[in-house]
Protein chains: 4
Amino acid sequence: MINVGIVGFGYWGPNVARNFNTTPGARVVAISDADEKSLQRAAASYPGVRTERECDRLLSAKDIDVVAVVTPVSSHFEIARKALANGKHIFIEKPFTASVAEAEKLIELAERRNLKIMVDHTFLFTGAVKKIKELIDDGILGDLYYFDSIRVNLGLFQKDVNVVWDLAPHDLSIMDHLLRMDPVAVTATGIAHFRNDLEDVAYITIYFPGNVIAHLNVNWLSPVKIRTTLIGGQKKMLVWNDLVSDEKIRVYDKGVDGLDSLNLESKEKAYGLRLSYRSGDMWAPRVTQVEALQGETSYFIDCINNNVTPKNDGHAGLRVVRILEAIKKSLAGGGVLVRLN
Amino acid sequence: MINVGIVGFGYWGPNVARNFNTTPGARVVAISDADEKSLQRAAASYPGVRTERECDRLLSAKDIDVVAVVTPVSSHFEIARKALANGKHIFIEKPFTASVAEAEKLIELAERRNLKIMVDHTFLFTGAVKKIKELIDDGILGDLYYFDSIRVNLGLFQKDVNVVWDLAPHDLSIMDHLLRMDPVAVTATGIAHFRNDLEDVAYITIYFPGNVIAHLNVNWLSPVKIRTTLIGGQKKMLVWNDLVSDEKIRVYDKGVDGLDSLNLESKEKAYGLRLSYRSGDMWAPRVTQVEALQGETSYFIDCINNNVTPKNDGHAGLRVVRILEAIKKSLAGGGVLVRLN
Amino acid sequence: MINVGIVGFGYWGPNVARNFNTTPGARVVAISDADEKSLQRAAASYPGVRTERECDRLLSAKDIDVVAVVTPVSSHFEIARKALANGKHIFIEKPFTASVAEAEKLIELAERRNLKIMVDHTFLFTGAVKKIKELIDDGILGDLYYFDSIRVNLGLFQKDVNVVWDLAPHDLSIMDHLLRMDPVAVTATGIAHFRNDLEDVAYITIYFPGNVIAHLNVNWLSPVKIRTTLIGGQKKMLVWNDLVSDEKIRVYDKGVDGLDSLNLESKEKAYGLRLSYRSGDMWAPRVTQVEALQGETSYFIDCINNNVTPKNDGHAGLRVVRILEAIKKSLAGGGVLVRLN
Amino acid sequence: MINVGIVGFGYWGPNVARNFNTTPGARVVAISDADEKSLQRAAASYPGVRTERECDRLLSAKDIDVVAVVTPVSSHFEIARKALANGKHIFIEKPFTASVAEAEKLIELAERRNLKIMVDHTFLFTGAVKKIKELIDDGILGDLYYFDSIRVNLGLFQKDVNVVWDLAPHDLSIMDHLLRMDPVAVTATGIAHFRNDLEDVAYITIYFPGNVIAHLNVNWLSPVKIRTTLIGGQKKMLVWNDLVSDEKIRVYDKGVDGLDSLNLESKEKAYGLRLSYRSGDMWAPRVTQVEALQGETSYFIDCINNNVTPKNDGHAGLRVVRILEAIKKSLAGGGVLVRLN
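As annotated in an unreviewed UniProt entry, chain A carries the name Gfo/Idh/MocA family oxidoreductase and comes from Geomonas terrae.

Put into structure tokens, the structure is as follows:
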């Protein structure tokens, strides 16, 4: 039995607690939150569980194997560092840390002690992302051309992060998982309408090797909620609309074919384009309905029990933080191109 | 009666010819196209009209008052210059010219001779743009926050222009008309998947004074066609979907209110945000169904007869070309910020 | 404090229990279910509550004020009759009873002892139905022309009822509430594809006085889920799509005007129609997001405490059962017209 | 060369004329219309073509091979009878005739003289109906369960026909073509809100052998335009939405399987249902964009030249009229079941 301590019982913590508690082989034994009301809610929901305002005792408790860090990002490093130093595996909210340096230190600390880090990139465990991953890995889409994501809605303004740190970690973790490529450069533009320092609208372009481009549109000031990702490939292209309950993923047999090997007297050839369009059927693969977080906590318990490195480990978290840091730099420089690596 | 000569009878020329011919007070008297087949189609459609492969005679014909330039942009300047030099008013496809310098010369030439230039910013004459203009000018939206437009579909690849020069002139002319603000800087990213020099995917950010930001997403490699514009204002926000036949424009009574004048003990205040969300009804104003080009040609004939400067005159065309030129510079510089003025 | 006993803890019972338990002034004190597993779930969720397989003790328990009957319709009458005989108010699933005769007996029994009956017409407590009711009662729609509802999806096949008794009670209770008119005749067609006696597809027409017509399309064999109701009125018409999260209700300023008082030389007049169409804005009023069942249980407790007759009382339940009975008769007669009253 | 005479140049006649005129091997030589303005439009569009107010000369003209009857249904019989008597093939608007008796007489007349009748069931020549026909004939859908069609919009009220004769011929001709089954009974309900004799809302149920049921919902008073058909089959089910430009047809791998051959201890078996649901991918086959009427006129010319009986011949027209007549009888009898054959 793996014993879990939860640090942070605000908006997301209760979900993490519930899912660890219903994962076979795991149970929640302690919950900590600085806010008294949150602590009372925790006590009411989990009568047999220790609750404490300070997390330090939890971080060093002998009976705890895993610490789940579900606090604002600014506090991640310090809490995770102590937990790792005390020999605990950590499950940690995204974004992993507030800086690349912090992420690297945590990874090093964990690896030295053979502890697991799982960054809560929940979307990786949804039926939709699993299906898209399968389509890409099976070569159904062919070589990728672009990844274009829109994640906009009205609010929620955050106290200490801008719209990029609030919304983009979702898309960045998904993109990292699906593309498995290291970006070469990032550029970001945006604007803050209400407070000078925190953008509420931002646009991010990420360049990858081989002419692959990604773009994220994140916005806290949209009257409508949009969660749509277009992925263009050489063989097929797909649209993922996460807001519909059925047919979330649509795969289009559409694309562009090079004509260099053909001997055509077409308008295209005359135009020197040597390209033609393909337009065929559309197909919406069935997407399994699962509670993503349940899949993720179960997977983490499996990783610990079998000493397996999770796909969403500290390095995955670091890759996301590295892009976030580059975006920050680009925004600060008025949209300057920031090279990575 | 105003006599019109049409230069270019390819894809769009027949529409221009038809609409001038059905505009009261105007008639088409000559059509020129370098392509023999296009010329034959012109002759078949307009039996009484002169057709010629070379446009020079048309440009200097005594009986012609207006020259409609419906050719690729690279030829605009030379044709328009000759027409103006011969004392003809010009109706000219967008983008107006291939460079700012060309546009400025044509404007100067026209103004010196008191000739009219109308750049074919057709969208300004649609029911949808007219209605949005009305909503903005009447203060319904309040101060504007952003203008965010997506114009993507599969192809059409062009011989000599990239996706920006192909698609963005639509959005830029609409944006210029609706916002009536001079942009201060532009940054653009994009990539060419098939030919090194011509981008097929591009993302453009335009900064305006007063924290107004615009963004265009143009893409020739999308499996689905999207024509959606979000406009965020302080009082209301709207979504314009040009692909639906009904309810193209949706106005949302949603937004963010500053709370500085209020005395709240809210979570938001505690968070130092002093902001609250407003979420009310949605309203889809009726949009008149009109043939935009017919409205535009009629308006041009009126402008000539009454010596009125069109709203979509050479200066409007120049403003669009100036942004296109800045985008080109930014793309060439790897997304560098290009300041305007 | 009003004490509630729950009879039936299958699919819907847990929701009823939870909502009564969180209603101020009420608490669940006993739960009964013939199924051992359901009973174990009840015991786990409500540690302090009595659980029993037989409901008889619950129905006569001195400390119980309200019995919630959440069992299949075939058992409603007997359970409700005993509860009323023992002086308990009843909250009862829809459809109220399996026959008009049963409903009339329960109403009589309750009225004789001044006990409340509330039939669980949950939809009446949704934000959408409340808003539509308001629009109709305020005269916004004008005189009504028709009520046309589609409620189709794949399954769930029921053991002992056809698609009409499974799905139509929703629409019938909504229709009864919104129209407040007594139907004059009913006709129904349908077919059973899997078992001879239980229709899985059915179409129902209901005639009201004053040329008002209603139609229900219920289907267990649809590949897509549709929950759409059109309501046509003389002044405005509305479409209610219950499957979208925003803009569930759209009110159209569209309709037909009589022209008898006008002096037109129109095509319509020539045609002897003397009618014209009106087509204006569309408007989506904000619909409050509420848990309908919570609103309903609170309302029931209020009705009991203040001795008020609920709008969804036994008579409302009876009106729905009367139409269901007529539909059954029409189906049995091959679509014969069945007159009511 | 086959010479065509057009009788009726109102709303649809110009389309018929244009398509016959652009069909290789055919040309329009005469047009007749009682309305002077329509005749002037015809003369302007077809300078070399004879135009006449009375159709009698056209019906007997020696140089005419085909008469296209594009007039209101009440005049169909007399015009078609004369044309056939004069040895002309006829292309005739739907519905074929105002009664079964008329249709039978025309068919007999044509067959005696070996003349072709083509009833203008245009939808049969659309890419969507062709694709659905293919899916059904190839057994993709399996045995059919139901055909459920909605065709509603605001207006257009007709002078002399109700909503059934205006809108249902579309669905009936499509249904007849796709199902190729003879209906056994019809029942219809409806109501007239503006004129006592002409229904503006109607609901039609049609019973076929083998537990196949069809339903049509036609309505002139809907604020929104809907053109949706659900077809349920044993293997797959489809939804055809004719108002979208892409993905008009969606084929769902959903359905119900009998479990009689399985040995399950499932809840379903316990319930005595022995059924399970299947829910898999969705697939939107590419639908070719064609001008249906052009395909139809070309096909008619082919049928004449090769002496082939068209699929949409007089018998197809008669089958539709027979159902329309049954609907009329059912409506007149207050929804009474009308048996066919």
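Further notes follow.
A. Inspection of the domain arrangement of chain A at higher detail. Residue and element names in this part refer to chain A. Considered domain by domain, chain A is made up of domain 1 (2-115) and domain 2 (124-289 + 322-339). The straight-line distance from the C-alpha centre of domain 1 to that of domain 2 is 32 Å. Taken together, the ten residues of domain 1 in the interface contact nine residues of domain 2. Counting each side, the surface lost to burial between domain 1 and domain 2 is near 660 Å², with a carbon and sulfur contribution of 64%. Interface area lost by domain 1 to domain 2 is led by Lys94, Pro95 and Val100, which between them contribute 63%. Here domain 1 and domain 2 share one salt bridge between them. For the pair domain 1 and domain 2, the number of links is one residue pair in polar contact (both at pLDDT 80 or more). A per-class count over the side of domain 1 that touches domain 2 returns five nonpolar, three polar and two charged.

B. Representation of the relation of the copies chain A and chain B. You can overlay chain A on chain B at an RMSD of 0.0 Å; the transform is a turn of 180° with a shift of 0.0 Å along its axis. Considering both components of the superposition, the chain copies are consistent with a two-fold axis. Across chain A, the smallest distance between a C-alpha and the rotation axis is recorded for Val336(A), namely 3.0 Å. Same-surface contact between copies: 100% of interface residues of chain A are shared with the interface of chain B.

C. Summary view of the interface of chain A and chain B. Contact residues are listed per partner, giving 49 residues for chain A and 50 residues for chain B. Summed over both sides, the interface of chain A with chain B buries roughly 4600 Å², with 69% coming from carbon and sulfur. When the buried area of chain A at its contact with chain B is split by residue, Leu154(A), Pro223(A) and Tyr277(A) rank highest and sum to 14% of it. Linking chain A to chain B there are zero salt bridges. If you look at where chain A meets chain B, you find 19 residue pairs in polar contact (both at pLDDT 80 or more). Elements that contribute at least two residues to the side of chain A that touches chain B include exactly strand E7 (144-154), strand E8 (185-191), strand E9 (201-208), strand E10 (212-219), strand E11 (221-233), strand E12 (237-241), strand E13 (249-258) and strand E14 (275-284) of chain A.

D. View of the interface of chain C and chain D. The partner chain D presents 50 residues to the 50 residues of chain C that form the contact. Interface area, chain C with chain D, both sides summed: about 4600 Å², of which 69% is carbon and sulfur. The largest contributions to the chain C side of the interface with chain D come from Leu154(C), Pro223(C) and Tyr277(C), which together make up 14% of the buried area. Linking chain C with chain D are zero salt bridges, by the criterion used here. Between the two partners, chain C and chain D, sit 19 residue pairs in polar contact (both at pLDDT 80 or more). Listed by contribution, the elements that provide at least two residues to the side of chain C that touches chain D are strand E7 (144-154), strand E8 (185-191), strand E9 (201-208), strand E10 (212-219), strand E11 (221-233), strand E12 (237-241), strand E13 (249-258) and strand E14 (275-284) of chain C. Counting residues per element, the side of chain C that touches chain D draws most heavily on E11(C), at six residues.

E. Fine view of the UniProt feature "domain: Gfo/Idh/MocA-like oxidoreductase N-terminal" (unreviewed entry) in chain A. In this numbering, the UniProt entry assigns the feature "domain: Gfo/Idh/MocA-like oxidoreductase N-terminal" (unreviewed entry) to residues 2-121 of chain A. The distance from the first to the last C-alpha atom of residues 2-121 of chain A is 21 Å, and the span holds 39% helix and 22% strand.

F. Representation of the pattern of salt bridges. Inspection of the entire model under this criterion finds 64 salt bridges over all chains. For Glu291(A), the salt bridge goes to Arg18(A), with nearest N and O atoms at 3.2 Å. Of this pair, Glu291(A) sits in the loop between E14 and helix H9 (292-306) while Arg18(A) sits in helix H1 (residues 13-21), and the two are 273 residues apart along the sequence. Taking relative accessible area as the criterion, Glu291(A) reaches 40% and is therefore assigned partly exposed. A residue is classified by how much of its surface remains accessible, and Arg18(A), at 35% relative accessible area, is partly exposed. The partner of Arg250(B) in a salt bridge is Glu247(B), and the shortest N-O contact between them spans 3.3 Å.

G. Expanded view of the side chain of Asn219(B). With respect to the helices and strands, Asn219(B) occurs in strand E10 (residues 212-219). Apart from the residues lying within four places of it in its own chain, the contact partners of Asn219(B) are Tyr146(A), Arg151(B), Val152(B), Asn153(B), Val163(B), Leu167(B), Asp200(B) and Val201(B).

H. Region of interest: the sheet that holds strand E3 (residues 50-52) of chain D. Residue and element names in this part refer to chain D. Read across the open sheet, the six strands follow the order E3-E2-E1-E4-E5-E6; overall the sheet is parallel. Edge positions in the sheet fall to E3 and strand E6 (117-119), since each has one partner strand and no second. Neighbour-to-neighbour, the strand axes of the sheet open up by a mean angle of 20°, direction not taken into account. Where strand E5 (residues 89-92) meets E6, three bridges bridge the pair, whose relative direction is parallel. Bridge assignment links Ile92 to a residue of E6, and that residue is Val119. Taken strand by strand, helix H2 (residues 36-45) contacts strand E2 (26-32) and E3, and its axis lies near 180° from that of E3. Set on the sheet, helix H9 (residues 292-305) makes contact with strand E1 (2-7), E2, strand E4 (66-69), E5 and E6; between it and E5 the angle comes to about 165°.

I. Expanded view of the relation of the copies chain C and chain D. Mapping chain C onto chain D leaves a residual RMSD of 0.0 Å; the transformation is a rotation of 180° accompanied by 0.0 Å of translation along its axis. With an isologous cut-off of 70% or more, the 100% of interface residues of chain C that recur at the interface of chain D puts this contact in the isologous class.

Reading the values: the criteria
- Residues numbered from 1 in each chain as written.
- Chains lettered and ligands numbered in written order.
- Predicted model: local features only at pLDDT ≥ 70, side-chain atom pairs only at ≥ 80, totals over all residues.
- Heavy atoms only, no water.
- Domains from an automatic or database assignment.
- Contact = heavy atoms within 4.5 Å.
- Buried area = accessible area lost by both parts, 1.4 Å probe.
- Salt bridge = Lys/Arg side-chain N within 4 Å of Asp/Glu carboxyl O.
- Polar contact = N/O pair within 3.5 Å; in protein donor to acceptor, adjacent residues only side chain to side chain.
- Nonpolar A, V, L, I, M, F, W, Y, C, P; charged D, E, K, R; others polar.
- Least-squares fit on C-alpha atoms with pLDDT ≥ 70 in both.
- Helix = DSSP H or I, 4+ residues; strand = E, 2+ residues; numbered from the N terminus.
- UniProt positions renumbered as here; feature names shortened; annotations may be inferred.
- Buried < 20%, exposed > 50% of the residue type's maximum accessible area, 1.4 Å probe, protein only.
- Pairing = 2+ DSSP bridges.
- Axes fitted to C-alpha atoms, helices over the stretch in contact; angles between N-to-C directions.

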